[in-house]
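Summary of the model geometry
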Amino acid sequence: MLSDRSRPVIEATLPAVADNIEEIATRFYDHLFGEHPELLDGTFNRGNQAEKTQQMALAASVAVFASSLVKTPEELPEHLLSRIAHKHASLGIAPELYDVVHDNLFWAIVDVLGDAVTPEVAAAWDEVYWLMAFALINQERGLYSARGVRPDTVWREWEVAEKIQETDDVVTFRMRRTDDRLVRTSLPGQYVTVQVPMPDGVRQPRQYSLTRADDAEHRQFSVKRVRGGDKPDGEVSNHLCENVQVGDRLTLSLPFGDVVLDDSRPVVFASAGIGVTPMAGMLSHLVEAGSHLPITVLHADLDEGSFALRQQVLDDVAKLPGASAHVWYENGAHSTLPVDVHGGIMNLDDVKLPHDAGYYLCGPLPFMQGIRSALIDRGVSPRDIQYEVFGPDLWQADLVTEQAPGRHSA
Ligand SMILES: Cc1cc2nc3c(=O)[nH]c(=O)nc-3n(C[C@H](O)[C@H](O)[C@H](O)COP(=O)(O)OP(=O)(O)OC[C@H]3O[C@@H](n4cnc5c(N)ncnc54)[C@H](O)[C@@H]3O)c2cc1C
Ligand code: HEM
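About the criteria used
- Residues numbered from 1 in each chain as written.
- Chains lettered and ligands numbered in written order.
- Predicted model: local features only at pLDDT ≥ 70, side-chain atom pairs only at ≥ 80, totals over all residues.
- Heavy atoms only, no water.
- Near = heavy atom within 4 Å.
- Polar contact = N/O pair within 3.5 Å; in protein donor to acceptor, adjacent residues only side chain to side chain.
- Helix = DSSP H or I, 4+ residues; strand = E, 2+ residues; numbered from the N terminus.
- Core = buried A, V, L, I, M, F, W, Y, C linked by side-chain atoms within 4.5 Å.
- Buried < 20%, exposed > 50% of the residue type's maximum accessible area, 1.4 Å probe, protein only.
- Contact = heavy atoms within 4.5 Å.
- Pairing = 2+ DSSP bridges.
- Axes fitted to C-alpha atoms, helices over the stretch in contact; angles between N-to-C directions.
- Donors = N, O, S within 2.8 Å, 3.2 Å for Na, K, Ca; no water.
- Expected span 1.5 Å × (residues − 1).

1. Here's the deal with the site of ligand 2
Around ligand 2, 23 residues are found, and the nearest of them are Asn48, Arg83, Lys87, His88 and Asp393. At 2.8 Å from a nitrogen atom of ligand 2 is found a side-chain nitrogen or oxygen belonging to histidine 88. Aspartate 393 is positioned with one of its backbone polar atoms (N or O) 2.8 Å from an oxygen atom of ligand 2. For the shell around ligand 2, the secondary-structure elements that each account for two or more residues are helix H3 (53-71), helix H4 (78-89), helix H5 (97-113) and helix H6 (119-147).

Written out as structure tokens, the structure reads:
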């Protein structure tokens, strides 16, 4: 781990780096894209750059990693590394690019901190960078080799076989393979990166959770249009929903993602809005597997009209002998569904939770934080709660200190 020579230097400079890390991350990306504009075409998500969420996620991850090296050197923040490695693998990041990121990151550190970066300080942070980089490179190498691919062969062309309007704002894309090559399996809960050519000629990557179990021929995902309000509308979601039609081709990565179903124990799914998508994928897998486990499906939405994939989800609940569902509608309990429907926001007070369950959360951050707190109040262990964030994970930094080693829980 960190050498005896570097440890006191990192301890002494961590507060200064942490205070400036977002500025460092911002200048790093500006410099990186100036030097390597090709990374803006198909690799980086320009929506996350505009919102600054990727800059914040990179900054938080480096700060968390460095402080764990000094505070708990015996355990690395495994779940943080695993989330990043899966995201990188879904974008086909190659090990050679770590040198490029290194050079641009250290340029930004010197640009922001100036003379404070003595040769001794630079050497200590260099050591931190490469410890983190090699941890990621090794995990990514493992992910690629387990699938028998290289970074540049994670991509494959698929054809839109069906386009289904689920709700006013959500469209499901059922993709069919375009050749006879084997379709590699996904784990329930995983996502693909879809690389979409935009009207300005730049390819934009976005992740979408798989909503159906594998059938060796298709991949299925559902896209919610992002309405901008006073900001720009989401470019890829609106483009896919409006312009991509049956017969068109799209480039998809292999499935990756570390929030995957443990189907050896009771399960509770809690989702809100479009957060239903990974739950639909996991439920579909449980149906295919003929599961008899206790399964509790909890979903919150605005109203019945906005509950995407509701028919699929409730059909699957009906096929699973151990499954039950509760639904909450913010606009009131008006419903024709044959399950418990409540008015208002999700409230777990009257919900019976199975013993020794694994919990999966997906939805807006405040929703997940509220449900996680309610579960912990009910005695659920944080290590039994996993969550999926539909964007760069800005939650990890707050939670990393309360994790058990080796578990990527909420
Ligand atoms: C693991 C994972 C799984 C996911 N699964 C799903 C799924 O199953 N279904 C689904 O619908 N989505 C899913 N997502 C989200 C999806 O990947 C996209 O983030 C989403 O579709 C929005 O993309 P977009 O291009 O439409 O929006 P973007 O164009 O990226 O915009 C995103 C936000 O940035 C703002 N913005 C953009 N440009 C600017 C600017 N210049 N100034 C200020 N603000 C700006 C927009 O207003 C918007 O609020 C998932 C994400 C992850 C990480
Ligand atoms: C030690 C080095 C690195 C660290 C600490 C790091 C950290 C991160 C983090 C925290 C995320 C967000 C993960 C999430 O979704 O929650 C991320 C995403 C990403 N990283 Fe890295 N990364 C490193 C190296 C690289 C390299 C070498 C590349 C190649 C150019 C790269 C390209 C990307 C891309 C394209 C994304 C997705 C960005 C987005 O969707 O906005 N990273 N990385």
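Okay, back to it.
2. Re the nonpolar core
If you look at the biggest cluster of nonpolar residues, it comprises 54 residues, and the most contacted ones within it are Leu32, Tyr98, Trp125 and Val128. Sorting the residues of this core by element identifies helix H1 (6-35), H3, H4, H5 and H6 as the ones contributing at least two each. In terms of residue count, the dominant contributor to this core is H6 (13 residues). Aside from chain neighbours lying at most four places away, what touches tyrosine 98 is His88, Ile93, Tyr129, Trp130, Ala133, Leu136, Ile137 and Glu140. Within the second largest apolar cluster, 26 residues are counted, among which are Val267, Phe269, Met282 and Phe307.

3. A closer look at the environment of glutamine 220
For glutamine 220, the location among the structural elements is in strand S5 (residues 218-224). Glutamine 220 sits 71 residues away from valine 149 along the chain, and the two C-alpha atoms are 22 Å apart. Beyond its immediate stretch of four places on either side in the chain, glutamine 220 contacts Thr172, Phe173, Arg174, Ser209, Leu210, Thr211, Arg212 and Gln312. At 2.9 Å, the side chain of glutamine 220 and the side chain of arginine 174 are in polar contact.

4. Observations regarding the sheet that holds strand S10 (residues 340-343)
Here we have six strands laid out as an open sheet, ordered S10-S9-S8-S7-S11-S12, and parallel in their pairing. The outermost strands of the open sheet, each flanked by one partner alone, are S10 and strand S12 (385-388). Going from strand to strand, the sheet's axes swing by 15° on average, the running direction of each strand aside. Sheet analysis places strand S7 (residues 267-272) next to strand S11 (residues 358-362), joined by five bridges and oriented parallel.

5. Re unusual backbone geometry
Phi angles above zero are rare outside glycine, and alanine 216 is one such case at about 75°. Looking at the secondary structure, you find alanine 216 in the loop between strand S4 (203-209) and S5. For leucine 309, which is not glycine, the phi dihedral falls at a positive 65°. Along the chain, leucine 309 turns up in the loop between strand S8 (295-301) and helix H9 (310-319). Note on leucine 309: relative accessible area 2%, which makes it buried.

6. Focus on the coordination of the iron atom of ligand 2
Protein coordination of the iron atom of ligand 2 rests on one atom only, His88 (NE2), at 2.1 Å. Among the structural elements, histidine 88 can be located in helix H4.

7. Looking at H6
With 29 residues, H6 ought to run about 42 Å at 1.5 Å a step, and its terminal C-alpha atoms sit 41 Å apart, in line with that. Backbone geometry just downstream of H6 places glycine 148 in the positive-phi region, at approximately 70°.

8. Re the sheet that holds strand S3 (residues 191-197)
One open sheet accounts for six strands, arranged S4-S3-S6-S1-S2-S5; its pairing is antiparallel. Looking at strand neighbours, the two that pair on one side only are S4 and S5, the edges of this open sheet. Neighbour to neighbour, the strand axes of the sheet diverge by 40° on average, direction disregarded. The pairing of strand S2 (residues 170-177) with S5 spans seven bridges and is classified as antiparallel. Its bridge partner lying in S5, arginine 176 is registered against histidine 218. Sitting on the sheet, helix H7 (residues 235-243) touches strand S1 (155-165), S2, S3, S4, S5 and strand S6 (249-253), and the angle it makes with S4 is about 80°.

9. Observations regarding H5
Compared with an ideal rise of 1.5 Å per residue, which puts 17 residues at 24 Å, H5 spans 24 Å between its outermost C-alpha atoms and is within 8% of the ideal. Every buried residue of H5 is listed here: Tyr98, Val100, His102, Asn104, Leu105, Phe106, Ala108, Ile109 and Leu113. Packed against the buried residues of H5 are H1, H4 and H6. Glycine 114 lies just past H5 and shows a positive phi near 60°.

10. A look at the side chain of threonine 211
With respect to the element layout, threonine 211 can be found in the loop between S4 and S5. Judged by its relative accessible area of 0%, threonine 211 falls in the buried class.

Just geometry here; none of it tells us what the structure is for.
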